[in-house]
Number of protein chains: 2
Amino acid sequence: MAIPRAAKTQRRTRIQEEKEEQILEAALDVFSARGFRGSTIDQIAEVAGMSKPNLLYYFRTKEAMHRALIDRVLYTWLEPLRAFNAEGNPETEIRSYIRRKLELARDFPRESRLFANEVLQGAPHIEDELKGPLKQLVDEKAEVIRAWAKAGKIAKCDPYHLIFSIWSTTQHYADFDVQVRAVLGQEHAGAGRFEDAARFLEQLFIGGLMVRPA
Amino acid sequence: MAIPRAAKTQRRTRIQEEKEEQILEAALDVFSARGFRGSTIDQIAEVAGMSKPNLLYYFRTKEAMHRALIDRVLYTWLEPLRAFNAEGNPETEIRSYIRRKLELARDFPRESRLFANEVLQGAPHIEDELKGPLKQLVDEKAEVIRAWAKAGKIAKCDPYHLIFSIWSTTQHYADFDVQVRAVLGQEHAGAGRFEDAARFLEQLFIGGLMVRPA
DNA sequence: AGATAATTTGACCGATTGGTAAACATTACA
DNA sequence: TGTAATGTTTACCAATCGGTCAAATTATCT
């Protein structure tokens, strides 16, 4: 009897591990490029290089693949915000948060687009995560920023909208990549655009937030 | 003989005008919420309150509806950037550009999401518009900003990334609305969030870009 | 009113969708 | 090596997809 996903045997076999990896890799490709509803199991199967029923042996439904992907990616994606350190120097912390988010956009654009697609379409599958863990984490870090402002270490500002603006500006380079490339043109759309973006964003945020000596 | 879309009679009838409007309104609802591939003609028909063949009488294909929508919305969407005035005061111009973009995000979130969905999925239908008219307009305005920086009216910065950052921060409130609401929670997710965002963004950009008297 | 053109609809089409059943092949382990 | 568990495939299903067609209905104009 074939029992998928190690329901009977506690340990996952080597094949299970490999194939699930292979499937999620393909699913990330397809889901991030076409959104959940726009993606088909056949497409994922083709990218993964295996038959559709074989995919469905490891993940019983299309939803299950998506769910597994979201779960896996969510943790990684919030890592930079988690690393935001209350004890650290505000300027350094903000600077490196921007850097880290920009690096994620550069190195993991598919993951960024997976979330963007999801949120854009009303977050039907991740609403709980947004209102739960995400909100908690942001609340916590917003409090840190508020404390910095109160202590006069940075300018007074709304910490939530500050976080939103760092999210949006950095993820823009992953989510709207084609637009960025189209506007920059071939000359300036090379790999250097991330370095240019980093320079600009640091200038913007540091210049806009740091209290200047009178 | 029924000839759709006024191929024979030059003038469009009253019914044609009304029905096409009705269809595009429904199509905007559906396309913006689910993306092109994730939307179905049946869904649009249901929202529009008419039968599927009736829709296809006015727009021969799903692509035609999408195309018509994009064409109609593109002009409106670039209006704020077009209004960007080289002769004006830099601070005032940037401030009102942010305001205008934020108002669009507040008043026309579906239009914003329509584009976001399209660009996010590789802009398969609007690549030409991005590389043509959009790039030209941005190039033109970037030159204005560059001139301001050269004249010492604002801080030296990359004008393209400045425009990108205004786009991303403002459209974030339309495209990622569910996330913004989830994070802000019920208390702060009310109508006032756009005013809060405007205040923060103006502070950020003006503070980050204006040259401060030494 | 009557004729003609414009509009609307139900029935239908082939292709594709997510998913299943069962036979077949392979692996792991005694 | 034998056998039971695991993994893979072919053939298929009902539902839905984008789109067509011809017939029926409504609007327009003389």
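Source: prediction; values computed, not measured.

Q: In this structure, what is going on with the overall build of chain A? I would like to understand it.
A: The helix and strand tally for chain A stands at ten helices and zero strands. A buried classification covers 53% of the 214 residues belonging to chain A. Carbon and sulfur atoms form 51% of the exposed surface of chain A, whose accessible area is close to 10200 Å². In chain A, the 32 positive side-chain charges and the 31 negative ones have mean positions that sit 2 Å from each other.

Q: What exactly am I supposed to notice about the relation of the copies chain A and chain B here?
A: For the pair chain A and chain B, the superposition axis carries a translation of 0.0 Å, the fit reaches an RMSD of 0.1 Å, and the rotation angle comes to 180°. The transformation relating the two chain copies, once decomposed into turn and shift, fits a two-fold axis. Residues of chain A ranked by C-alpha distance from the rotation axis are headed by A:Gly208, positioned 1.9 Å from it. In this assembly the copies share their binding face: 100% of the residues contributing to the interface of chain A also contribute to that of chain B.

Q: Please explain the nonpolar core as it appears in this structure.
A: Generally speaking, soluble globular proteins have nonpolar side chains that are buried together. If you look at the biggest cluster of nonpolar residues, it comprises 143 residues, and the most contacted ones within it are A:Ile94, A:Phe205, B:Ile94 and B:Phe205. If near-sequence neighbours (up to four positions away) are discounted, A:Ile94 is found in contact with A:Phe84, A:Trp148, A:Ile166, A:Phe205, A:Ile206, A:Leu209 and A:Met210.

Q: I tried to follow the packing of aromatic side chains on my own but got confused; where do I start?
A: Centre distance and the angle of the planes are the two values used to describe a pair of aromatic rings. All names here are of chain A. With the rule as written, the count across this model stands at 16 aromatic pairs over all chains. Judged by centre distance (5.6 Å) and plane angle (90°), the rings of Phe 84 and Tyr 97 are edge-to-face. Taken together, the residues span a long stretch of sequence, with Phe 84 in the loop between helix H4 (62-83) and helix H5 (90-107) and Tyr 97 in helix H5 at a distance of 13 residues. The same class applies to Phe 84 as to Tyr 97, namely buried.

Q: What am I meant to see in the layout of surface pockets here?
A: Over the atoms, a rolling probe the size of a water molecule traces out where space has been left empty. Roughly 220 Å³ of volume is contained in the largest pocket. Only helix H9 (177-188) of chain A together with helix H7 (127-150) and helix H8 (159-175) of chain B provide two or more residues apiece to the lining of the largest pocket. Each residue belonging to the lining of the largest pocket can be placed in one class, and the counts come to five nonpolar, two polar and five charged.

Q: Could you clarify how one ought to interpret H8(B) in this entry?
A: All names here are of chain B. With 17 residues, H8 should reach 24 Å at 1.5 Å per residue; the first-to-last C-alpha distance of 23 Å fits that figure. With 17 of 17 residues buried, H8 is to be regarded as a mostly interior element. For H8, the N-terminal capping position is held by Asp 158, with its side-chain oxygen 2.9 Å away from the main-chain nitrogen of Tyr 160.

Rules and cut-offs
Residues numbered from 1 in each chain as written. Chains lettered and ligands numbered in written order. Predicted model: local features only at pLDDT ≥ 70, side-chain atom pairs only at ≥ 80, totals over all residues. Heavy atoms only, no water. Helix = DSSP H or I, 4+ residues; strand = E, 2+ residues; numbered from the N terminus. Buried < 20%, exposed > 50% of the residue type's maximum accessible area, 1.4 Å probe, protein only. Areas by Shrake-Rupley, 256 points an atom, 1.4 Å probe, with all protein chains shown as cover. Lys, Arg positive; Asp, Glu negative; His and termini not counted. Charge placed at Lys NZ, Arg CZ, Asp CG, Glu CD. Least-squares fit on C-alpha atoms with pLDDT ≥ 70 in both. Contact = heavy atoms within 4.5 Å. Core = buried A, V, L, I, M, F, W, Y, C linked by side-chain atoms within 4.5 Å. Phe/Tyr/Trp six-rings, centres within 6.5 Å; stacked < 30°, edge-to-face > 60°. 1 Å grid on protein atoms, 1.4 Å probe; cavity = no way out; pocket = protein on both sides within 12 Å on 5 of 7 lines; lining within 4 Å. Points joined across faces, edges and corners; volume = space filled by probe spheres on them. Nonpolar A, V, L, I, M, F, W, Y, C, P; charged D, E, K, R; others polar. Expected span 1.5 Å × (residues − 1). Polar contact = N/O pair within 3.5 Å; in protein donor to acceptor, adjacent residues only side chain to side chain.

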